[in-house]
Amino acid sequence: MHERRGAGRGARPGARSGAALVATAALALLLGACSERPAPSGTDPTSAAGPGTTGASASPAVPVADPAHAVDPPGPREDRLWSADVLVQSDEPLDDATVRRIERLPGVAHTERIGLGQVSLENRVLTVAAVDPAAYRLFTQAEVADFQQGWDRVAGGEVATTAAVSKRLADRDGSIRLGTAGAPSLHVGALTPQVPTIDMVVNTAWAPDIGMDTDNGLLISTDGTTPSRIRTPLERLVGRRAAVQMLDVASRIGLDPQARLTAVPTGGTLGSLVGTYRYQVAGGGRITPDPAWVAAHIRTEVVPILGSVTCHEDLFPQLRAALLEVQQRGLSDAIHPSEYAGCYYPRFIAGTTTLSNHSFGLALDLNVPGNQRGTVGEIDRDVVAIFKTWGFAWGGDWKYTDPMHFELSQVKRVG
C-alpha cells in the first residue's frame, strides 16, 4: 500500500507537486542575497536564515515576495523522500480515474500531480512546473528537502530555476519574464538544478497568469522498480495525448529518446499559435514533429525580398507587412536573400535539448554572416525598427545577443 498519493484535483490551491535535485550551496547563496532586499509592503520583513540552516529546526520567517501569488508556506518536512523516476505531460488535465489507474500499476510507488507548460524566452522554449513546495521537496536530495527557506521562497511567489537559466535570462532586478510582452515577471528566489526536462518551478497560484494548467502533469516514483518496466502499461493508460519520459534516462543524456514528447506553450503569442506540439527526437539535434501538426500549420509562400520561404502560416501576414515596409522605405538592399538562414527548422538549439522557436516556424534568421551570436550585429537598425513595429522581437536586444534572429512576439492585425 502506498504511503502517500498525489494531491487530488479538489485539493487546495498550490497542493500539487514536482521534483528537483538541488545544489545546496547554490540555493543557500541566492537565498542569502535575496534576504537582504526589502520585503514588500505588508509582509514580514525578517530576512531568511543564512547557509546551514535547515527546515528541521525553527527558522526565521521569510519575506513574502508577492502576497497576491503566495500559497501556504510548507513548514518543516514530515514525510519521506521519493525518487523522481517518470514524468507524464498531457495537453489537458489528468482526470482522477486515470491517475488512480496509474497508481495501481505494479511498480508505481508514489505519484504527485503538477502543472507543466512551456514558455518562449529568447528563442528558448523552457518548461515551467507549477508545484506545491511542501510536496515538491519530497523529490529532492535530503539536505535540500530540509532547506526550509528555499521552499518558503517559492511559496511566497518567487521562481526557482537553474543558475544557467538565471544568468542568461534574469534582468538587473533578478527577475525573469515568463513569456513575451505582458507576461508576468517573477523574482528568482532560488538557484536550483531541476528535474530533467524541467527548467523553472513556481507555485500553483501563478498558473492562471502564466496560462497553464495545474494538473496536466504527473511525477511518478517507482522506488525500487526499474522505471522502464512501467513504460508500456503507462503509455496504454495515458494514450497518445500524453508524453511519458523516463527521467533516469533523461538525467544521463538530456531526453528520453523513446518518448513521444509534448510541448504545451502557455499564454501569449506562442500558446495561441502553436497549440499542442508533439514530437520525437530524431538524432543529430533534429526532431520529428507530428505530421498532422505540420500539415495544419506549416506553409511555403513567396514574400517580398526573400522570395519563397517556409514558416508557420500565421507568421506570413506580419512578415509580409514588415518586408513590404522595408521595400517602401528604400531599404531592400539592407536584407540579403543569399544570407537568409531559414524559418521553419524542427530542431533543438545547437548543443542542447531545448526547442527553438524555429521548430514552430515562428522565427527567421537574416544576414547571418555579419550578425553572429554575442555580437552587436551589422543589420540595419531601421530594418530592426520596422520588424519590431510589426510584432517581432529582435535577438540583438537579448543579454546574450543573436542579432540575426527575429521571432514573432505579438500578433497584430494586418490590413
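Relevant structure appears above.
Small disclaimer: the values here were computed from a predicted structure and weren't measured.

Q: Would you take a moment to explain helix 2 (residues 96–103) for this structure?
A: Along an α-helix, residues three or four apart share an orientation, since each turn contains 3.6 residues. Among the residues making up helix 2, those that are buried are Thr98, Val99, Ile102 and Glu103. On an axial view of helix 2, the arc spanned by its buried residues comes to 140°, and they lie on one face. Packed against the buried residues of helix 2 are strand 2 (110–121), strand 8 (217–221) and helix 8 (231–238).

Q: Would you take a moment to explain the pattern of salt bridges for this structure?
A: It is possible for side chains of opposite charge to pair when their charged atoms get near one another. Enumeration over the complete set of coordinates arrives at 14 salt bridges. Between Glu301 and Arg320 there is a salt bridge, with the nearest N and O atoms lying 2.8 Å from each other. Of this pair, Glu301 sits in strand 13 (residues 298–303) while Arg320 sits in helix 12 (residues 316–328), and the two are 19 residues apart along the sequence. With relative accessibility at 28%, the residue Glu301 sits in the partly exposed group. Take Arg320: its relative accessible area is 25%, and that puts it in the partly exposed class. Measuring nitrogen to oxygen at the nearest pair gives 3.4 Å for the salt bridge that ties Glu325 to Arg329. Shared partners join several salt bridges into a network, and the residues in it are Asp91, Glu92, Arg241 and Arg278.

Q: Can you walk me through helix 13 (residues 381–389) in this structure?
A: Buried within helix 13 are the following residues: Val383, Val384, Ile386 and Phe387. Here the buried residues of helix 13 occupy an arc of 160° about the axis, which is enough to place them on one side. On its buried face, helix 13 is in contact with helix 12, strand 16 (392–394) and strand 17 (405–408). Of the residues that open helix 13, the one with a side-chain oxygen 2.7 Å from the backbone nitrogen of Asp382 is Asp380.

Q: Honestly, the packing of aromatic side chains in this entry has me stumped. Any pointers?
A: Two aromatic rings are characterised by how far apart their centres lie and by the angle between their planes. Per the stated rule, a full pass over the model turns up 7 aromatic pairs. Taking 5.8 Å as the distance between ring centres and 40° as the angle between the ring planes, the aromatic pair formed by Tyr277 and Tyr279 counts as tilted. Residue Tyr277 shares its accessibility class with Tyr279, and that shared class is buried. Between Tyr279 and Phe348, the aromatic rings sit 6.3 Å apart at their centres with planes inclined by 70°, giving edge-to-face as the arrangement. Of this pair, Tyr279 sits in strand 11 (residues 277–283) while Phe348 sits in the loop between helix 12 and strand 15 (363–365), and the two are 69 residues apart along the sequence.

Q: Explain the sheet that holds strand 17 here, please?
A: Within a sheet, adjacent strands bond to each other through the backbone by hydrogen bonds, running parallel or antiparallel. In space, the 3 strands of this open sheet follow the order 15-17-16, with antiparallel pairing throughout. Looking at which strands have only one partner, the edges of the open sheet turn out to be strand 15 and strand 16. With direction set aside, neighbouring strand axes in the sheet form an average angle of 25°. As paired strands, strand 15 and strand 17 are joined by 3 bridges and run antiparallel to one another. By the bridge assignment for strand 17, Asp365 is matched with His405.

The rules behind the values
- Residues numbered from 1 in each chain as written.
- Predicted model: local features only at pLDDT ≥ 70, side-chain atom pairs only at ≥ 80, totals over all residues.
- Heavy atoms only, no water.
- Buried < 20%, exposed > 50% of the residue type's maximum accessible area, 1.4 Å probe, protein only.
- Helix = DSSP H or I, 4+ residues; strand = E, 2+ residues; numbered from the N terminus.
- Arc of directions from axis to C-beta.
- Contact = heavy atoms within 4.5 Å.
- Salt bridge = Lys/Arg side-chain N within 4 Å of Asp/Glu carboxyl O.
- Polar contact = N/O pair within 3.5 Å; in protein donor to acceptor, adjacent residues only side chain to side chain.
- Phe/Tyr/Trp six-rings, centres within 6.5 Å; stacked < 30°, edge-to-face > 60°.
- Pairing = 2+ DSSP bridges.
- Axes fitted to C-alpha atoms, helices over the stretch in contact; angles between N-to-C directions.

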